[in-house]
Amino acid sequence: MLIDTRLLISIGFFLRLIVAIWNGFFDFEFGQTADPASFHGWAAIFSNNPTVLNCEENIRHVMSCGLGFVYFLTTDSRFIGSLMSNLAWLVSALILMKIMGILLVEKSNQKKMLLVYALLPSSIIVTSVTLREPYQLLFVNLAVLAALNIYWNKSYMHWLTMLFSVYFMFLLHRGLVVFGTYILASTLILLARRRYKNGFNKIKLVFALPILVLIVTMGVKVIFDSGRDFGSLRDGLAVGIQNYQNGGVRTALQYGASTTYRDTVVDIKSDSDLILFIPNALFQYLFEPMPWRVSRPQDIAIVLENLLRVYLIWKGWTGMRRASGKMKNAMFFIFISYFAIEVIFAQGTINWGTAVRHHIPGLGLLVLSAFAYSKPRRLRPKPLAPVNASMTSEN
């Protein structure tokens, strides 16, 4: 492939800039309704009185407060808000390049990785409007970069970077405190695994997945039950999930959403109910709409992206199995990190329109798991010169 990695990032940024201009100065429906309009609107209000007190008492969301401060310094334009999302994506792409450097990803695989990362249609749209997902993507990538620097390069100063990333992930979405807890715990496990040469094997992986889900679920449940204010999750994890689903169901009933794959709230009365609910929620979240549910042109595009996701997950699985040593440990960490963040968003999502947005924060993890590993090349032995030819030349 002749195209350069920096050119791919530049093309990705340019396409996002076009959408930002469209959203800022023309009629782009997705960027001017529902959540994008809400974040922009509250940011515009905050820009008139950009104080900490106003943010805490009236706005109460770091996304709108941060964007509002930018509006205060410039102007409350949708284009400025969309441009900030573009820049967040650009920084996330540069961080992804840093991670590739740590893992010594081959150039050809870097280009494949960035081809998906920069040109995936849903990513271009979502990271070009005033949504949280571009910033979540940035801090997820930054946390993973810190974890790999700690493990691979023994750079313990990156614990500060990780804590910074986890804190801002939490501010952007309360549910990401779960992912932050997982990242911190997994980094400690990676450090403990450093003395093992062969890394994780398949049997350990089969047992690790459900155990990891159980540990993270129970640990976060303790945090949520501690009485701290976690927004929709203040009454506990199970209740928080039902609150998010209730919101989705109400929106579907109000606006007649045709992308809903679950039109009732799942009754979660115990921790065992929650654990049993996870596989079904994750499957629907990753792969809906099924072909027979397609009802509009956008759904066809989502189905195609879902097929790509299946392929990338399969490549991540096979790459992790073939890797060895430190690379196998890193691949395991990245692969499970992807599923950890998808499990978190799957619990409260009930329609594939919202799911498309929530897939964005884990996109870097998905492409890393798919393309970080490359099969070692076998050097072909040079053919020996024919004996007769050498004898002739001597004569």
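Rules used throughout
Residues numbered from 1 in each chain as written. Predicted model: local features only at pLDDT ≥ 70, side-chain atom pairs only at ≥ 80, totals over all residues. Heavy atoms only, no water. Helix = DSSP H or I, 4+ residues; strand = E, 2+ residues; numbered from the N terminus. Buried < 20%, exposed > 50% of the residue type's maximum accessible area, 1.4 Å probe, protein only. Polar contact = N/O pair within 3.5 Å; in protein donor to acceptor, adjacent residues only side chain to side chain. Contact = heavy atoms within 4.5 Å. Phe/Tyr/Trp six-rings, centres within 6.5 Å; stacked < 30°, edge-to-face > 60°. Lys NZ or Arg CZ within 6 Å of the ring centre and 35° of its normal. pLDDT = per-residue confidence, 0-100. Patch = residues over 30% accessible without salt bridge, like charges linked within 9 Å, V, L, I, M, F, W, Y side chains within 5 Å. Areas by Shrake-Rupley, 256 points an atom, 1.4 Å probe, with all protein chains shown as cover. Salt bridge = Lys/Arg side-chain N within 4 Å of Asp/Glu carboxyl O. Disulfide = S-S within 2.5 Å. Axes fitted to C-alpha atoms, helices over the stretch in contact; angles between N-to-C directions. Parallel < 35°, antiparallel > 145°, perpendicular 65-115°, else oblique. Left-handed = near helix turned anticlockwise from the far one by under 90°.

## Considerations on the side chain of Ser337
Here Ser337 shows up in helix α15 (residues 325-348). Looking at Ser337, the relative accessible area reads 0%, which means it is buried. Looking at Ser337, its side chain comes within polar contact range of the main-chain oxygen of Phe333, at 2.6 Å. Filtering out sequence-adjacent residues up to four positions away, Ser337 remains in contact with Phe179, Tyr182, Ile183 and Leu365.

## Section: the packing of aromatic side chains
Evaluated as defined, the whole model comprises 14 aromatic pairs. One aromatic cluster in this structure is built from Phe139, Phe164, Tyr167 and Phe168. Over the ring of Phe170 we find Arg174, and its NZ or CZ is 4.9 Å from the ring centre.

## Here's the deal with the confidence of the model for the protein
Looking at the protein as a whole, the pLDDT averages 81, with 74% of positions reaching at least 70. Confidence drops under pLDDT 50 across residues 226-230; counting only partners more than four residues distant or on other chains, this segment forms 7 contacts. The low-confidence segment residues 389-393, where pLDDT is below 50, has 0 contacts with residues more than four positions distant or belonging to other chains.

## Let's talk about the environment of Phe26
Note that Phe26 resides in the loop between α1 (5-25) and α2 (34-47). For the pair formed by Phe26 and Phe79, sequence separation is 53 residues and the distance between their alpha carbons is 9.9 Å.

## Description of unusual backbone geometry
Residues apart from glycine generally show negative phi values, whereas peptide bonds are mostly found in trans. The omega angle of the peptide bond from Glu288 to Pro289 is 5°, so this bond is cis rather than trans. Considering the arrangement of structural elements, one finds Pro289 in the loop between α13 (271-287) and α14 (297-322). One non-glycine residue, Lys154, adopts positive backbone phi at about 55°. With respect to the helices and strands, the residue Lys154 is situated in the loop between α8 (133-152) and α9 (158-172).

## A look at a nonpolar patch on the surface
Together, Ile21, Trp22, Phe25 and Phe26 make up an exposed nonpolar region whose accessible area comes to about 440 Å². With respect to the secondary-structure elements, Phe25 resides in helix α1. Assessed through its relative accessible area of 52%, Phe25 is described here as exposed.

## Notes on the state of the cysteines
Note on terminology: a disulfide is the covalent bond linking the sulfur atoms of two cysteines. Tallying each qualifying case throughout the model produces 1 disulfide. The disulfide partner of Cys55 is Cys65, and the gap between their sulfur atoms is 2.0 Å. An S-S torsion of about 105° defines the bridge between Cys55 and Cys65 as right-handed. Note that Cys55 is positioned in helix α3 (residues 52-59) and Cys65 in helix α4 (residues 62-73), a separation of 10 residues in sequence. Comparing Cys55 with Cys65, the two get one shared label, buried.

## A few points about the packing of α14 against α15
What describes two packed helices is the angle between their axes and the distance between those same axes. Axis separation between α14 and α15 bottoms out at 9 Å; the angle between their running directions is 150°. Classed by the angle they form, the pair α14 and α15 counts as roughly antiparallel. By crossing handedness, the relation of α14 to α15 is classed as left-handed. Contact residues: α14 offers Arg309, Ile313, Gly316, Trp317, Gly319, Met320 and Arg321, while α15 offers Lys328, Met331, Phe332, Phe335, Tyr338 and Phe339.

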